[in-house]
Amino acid sequence: MTSICRALFFLSLLCFSSLSAFAEDESSGLSMNHYKDSCPQAEEIIKEQVQLLYKRHKNTAFSWLRNIFHDCFVESCDASLLLDSTRRTLSEKETDRSFGMRNFRYIETIKEALERECPGVVSCSDILILSARDGILSVGGPYIPLKTGRRDGRKSRADILEQHLPDHNESMNAVLQRFANIGINTPGVVALLGAHSVGRTHCVKLVHRLYPEVDPALNPQHVEHMLHKCPDAIPDPKAVQYVRNDRGTPMKLDNNYYRNILDNKGLLIVDHQLATDKRTKPFVKKMAKNQDYFFKEFARAITILSENNPLTGTKGEIRKQCNLANKIH
């Protein structure tokens, strides 16, 4: 009898533990396949649109990836990044920190396709997250299962953007602390910065490493290429002057970035620091050798970023247009 009671006791503990874990998992209000009943085709529509847009405009994939970083880092993944400026409020996407960001209009293209299928159901913040997921896949990155169920914020956070968003000229102490504030550890930071494997950097962001004197930390062979692409000490922000982040595989998310920065070919200060700081260098070297490890840590960090303080339940709204908050009647 005693053994039976003991078995029942442990069984009850197991059930309680399982229920607690389930409750914890659902506490954010997000879930996998949130739209399975309300808009069963939602994720497929987003995937189709991302693929179609990528075929027409290859740089959209880089935009989707940058969107998740700029939106989710600033307090919440609530699509505040997408809001236009108003007479009273500056838009996040029009601040200096959003320099070079583009293709916001294509988010609206995806939203319109969803509105035709399921009006007023799918949030712009979920579109932003899922387009990033599918964009990562388009450039050769891993498929990352991400939860949905976010709702959209009603205000821009341009006034507090600097308090949250890491800067590529900050010390590694500051960068690691900003990521830690949202739960991303050191290998996660190293992996997320691997997104610099794709796309390009405008000369405005890197000329301080070339003029008036070349940063001695840069690989001399790479300097020649950088000077060719950025011949002016004060480049025109509107001019198409940029350097590819990775000359070898510029359109592919891979671990070539880590080999480049170990060879002193990182374009930004943060790239150089990543390869030299004793806290990050071991992970850089590991990811340079092992792409599977890079992808694993990248997927984990993207998941954490995508679940940063979402609006769910009755908070926020489902915008009709991603660049405008709904009118309150």
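Everything below is about the structure printed above this text.
Conventions used here
Residues numbered from 1 in each chain as written. Predicted model: local features only at pLDDT ≥ 70, side-chain atom pairs only at ≥ 80, totals over all residues. Heavy atoms only, no water. 1 Å grid on protein atoms, 1.4 Å probe; cavity = no way out; pocket = protein on both sides within 12 Å on 5 of 7 lines; lining within 4 Å. Points joined across faces, edges and corners; volume = space filled by probe spheres on them. Helix = DSSP H or I, 4+ residues; strand = E, 2+ residues; numbered from the N terminus. Nonpolar A, V, L, I, M, F, W, Y, C, P; charged D, E, K, R; others polar. Disulfide = S-S within 2.5 Å. Buried < 20%, exposed > 50% of the residue type's maximum accessible area, 1.4 Å probe, protein only.

Enquirer: Honestly, the layout of surface pockets in this entry has me stumped. Any pointers?
Expert: Over the atoms rolls a probe the size of a water molecule, and its path tells where empty space is left. Taken as a whole, the largest pocket spans an internal volume of roughly 1,200 Å³. For the lining of the largest pocket, the secondary structure elements donating two or more residues are α3 (60–72), α7 (172–180), β1 (200–202), β2 (242–244) and α13 (291–306). Looking at which element gives the most residues to the lining of the largest pocket, the answer is α3, with eight residues. Tallied by class, residues from the lining of the largest pocket come to 24 nonpolar, twelve polar and nine charged. For the second largest pocket, the lining is made up of 13 residues, of which Asp84, Ser85, Thr86, Arg87 and Thr89 are closest to its centre.

Enquirer: How should the state of the cysteines be read in this particular structure?
Expert: Note: disulfide means a covalent bond formed between the sulfur atoms of two cysteine side chains. Throughout the structure, instances matching the rule amount to four disulfides. There is a disulfide in this structure between Cys39 and Cys118, and the S-S distance comes to 2.0 Å. Judged by the sign of its S-S torsion, about 80°, the bond between Cys39 and Cys118 is right-handed. You can see Cys39 sitting in the loop between α1 (2–26) and α2 (42–56) and its partner Cys118 sitting in the loop between α4 (104–117) and α5 (124–138), a full 79 residues away along the chain. Relative accessible area serves as the criterion here: at 1%, Cys39 is assigned to the buried category. For Cys118, a relative accessible area of 7% puts it in the buried group. Of note for the protein chain: the bonded cysteines, numbered N- to C-terminal, pair according to 1-4, 2-3, 5-8, 6-7.

Enquirer: Any chance you could explain empty space enclosed by the protein here in plain terms?
Expert: As enumerated under the stated definition, the model contains two cavities of 30 Å³ or more in all. Approximately 60 Å³ is the volume attributed to the largest cavity. Lining the largest cavity are His196, Thr201, Asn245, Tyr257, Asn260, Ile261, Lys265, Gly266, Leu267 and Asp271. When residues of the lining of the largest cavity are assigned to their parent elements, the largest contribution, three residues, is made by helix α10 (residues 256–262). Here the residues of the lining of the largest cavity are counted per class, giving three nonpolar, five polar and two charged. Put simply, the second largest cavity is a space of about 30 Å³. The wall of the second largest cavity is formed by Arg209, Ala217, Leu218, Ile261, Asn264, Lys265, Gly266, Asp271 and His272. Classifying every residue of the lining of the second largest cavity gives three nonpolar, three polar and three charged.

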